[in-house]
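Summary of the model geometry
So you can see what is in the structure, the chains are spelled out below.
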Amino acid sequence: MLGEVFPEYLSKYATDVICNETGLETKSKVAITSVEQGENSNVKVTLSDNSTLEVDHIVVAVGTRPEVNLARNDLEIDERNGGIAVNHEMQTSRSDIYAAGDVVSFPSSLLGRRRVEFYDHARMSGKYAGYNMAGNRKSYLYQPSYIGDLGSLRYEAVGLIDNSLETVGVWEKPGSKKPVRRIKQASAPSASAPASSTNQEPKDGGNEASKKEETSDKNENVKMYSPNESQSEPQSHGQSVSESDSHPTKSDEQDSKAATSTESASAIEAGKSQDPFDPVTANKFEKGIVYYLKNDRIVGVLLWNFPDRVPEAKRALSSRKPYSDRTELRSVISFEEQD
């Protein structure tokens, strides 16, 4: 479920939760090869593994693509991302024509040229197009977010949410009586195992014992993972993380190399970790954050059952701070209860 969006372990968890709550049955790694009328006026579906299903209804959920044929002769089209290319003011290659919403490919100074299908983006880009058609000349620098519900699970996301990127998850310990607070700098994650909760000695000479005790107390309720569900070699993914020109150009189509994960997925498989709190082994992901990284920088944030943190996620995205030490990600967004 949402396998192209979530890390593999989270996709599996979400699928398990939905199936348990609804009785839904899923079939993975198969494709539909034929559809025909079955007995009793129902529908017979044949799959690529030669199995068959007889169902009452079929829902085709394949996403959308923008219809740009009407605009192709007069406006610049972004052939890579799809959609009508616009600048920061939602202005097309024709100065007297503006476009907004799902149909546009727009430049982002943080994430490169992109096209998104979010209600939040459609709402805000439409406002900016209106502002600029009225002569206000406002740049669309807004970072749209979106919300999804999967049964009892809820997630919010901002930025590039793509499981082909490196992901680092920070998870709250289930049933913790204390809120997980900001975690001080810990040792760098191992290349073959999940990051540990080893603490760094304070550099200043004052009150060192109390600082060590405070940090240890905060670490006990959090776990961090940085699996690599794709490949061990760097590969190209989608949009570049670089400044985009305010006007659409063909040069927007250059990709940057994705950062590779610092540890393999096999290191977090069930039974491999000896940590007393291992959400992968326990298959419990009740509350946490997944950071999507490219070139050591945060390019996307997924908030899992973690409401009211979208502003913090947007600030993390806008900071452009490099995280060569992945354990620093523990302190980017606070787990502390907000008033």
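As the structure is a prediction and not an experimental result, all values here were calculated from the model.

Quick notes on the rules
Residues numbered from 1 in each chain as written. Predicted model: local features only at pLDDT ≥ 70, side-chain atom pairs only at ≥ 80, totals over all residues. Heavy atoms only, no water. Helix = DSSP H or I, 4+ residues; strand = E, 2+ residues; numbered from the N terminus. Buried < 20%, exposed > 50% of the residue type's maximum accessible area, 1.4 Å probe, protein only. Pairing = 2+ DSSP bridges. Core = buried A, V, L, I, M, F, W, Y, C linked by side-chain atoms within 4.5 Å. Contact = heavy atoms within 4.5 Å. Axes fitted to C-alpha atoms, helices over the stretch in contact; angles between N-to-C directions. Phe/Tyr/Trp six-rings, centres within 6.5 Å; stacked < 30°, edge-to-face > 60°.

1. Focus: the environment of Pro7
The residue Pro7 is located in the segment before α1 (8–22) in this model. Sequence spacing of Pro7 and Val168 is 161 residues, and the spatial spacing of their C-alpha atoms is 9.1 Å.

2. What to know about the pairing of strand β10 (residues 288–294)
A large share of β10 lies buried, amounting to 7 of its 7 residues. On β10, burial covers both faces: Gly288, Val290, Tyr292 and Lys294 on one face and Ile289, Tyr291 and Leu293 on the other are all buried. Across 6 bridges, the pairing between strand β8 (residues 166–172) and β10 is antiparallel. Bridge pairing links Gly169 to Val290 in β10. From the end of β10 to the start of strand β11 (residues 297–304), which pair antiparallel, there are 2 residues, and Asn295 there has a positive phi angle of about 55 degrees.

3. Side note on the nonpolar core
The biggest cluster of nonpolar side chains holds 55 residues, and the ones touching the most others in it are Phe6, Leu10, Tyr291, Ile298, Val301, Leu302 and Trp304. Elements represented by at least two residues in this core include exactly α1, α3 (119–133), β6 (145–150), β7 (153–159), β8, β10, β11 and α6 (310–319). With residues near it in sequence (within four places) discarded, Tyr291 still touches Glu166, Thr167, Val168, Val170, Ile298, Gly300, Val301, Leu329, Val332 and Ile333. By size, the runner-up hydrophobic cluster in this structure holds 5 residues, among which are Val68, Ala71, Leu75 and Ile84.

4. A look at the sheet that holds strand β2 (residues 43–47)
With respect to topology, 3 strands assemble into an open sheet ordered β1-β2-β3, the strand pairing being antiparallel. Looking along the sheet, the strands with just one partner apiece sit at the ends: β1 (32–37) and β3 (52–55). Averaged over all pairs of adjacent strands, the angle between their axes in this sheet comes to 20 degrees, without regard to strand direction. The sheet contact formed by β2 and β3 spans 4 bridges and is antiparallel. Each residue of the ladder has a partner; that of Val43, found in β3, is Val55.

5. Considering the packing of aromatic side chains
The full count for this structure, using the stated rule, is 14 aromatic pairs. Between Tyr128 and Tyr131 the ring centres are 5.7 Å apart and the planes differ by 70 degrees, which places this aromatic pair in the edge-to-face class. Residue Tyr128 and its partner Tyr131 are both found in helix α3; the two are separated by 3 residues, about one turn of the helix. Aromatic pair Tyr155 and Trp304: ring centres 6.4 Å apart, planes at 15 degrees, arrangement stacked.

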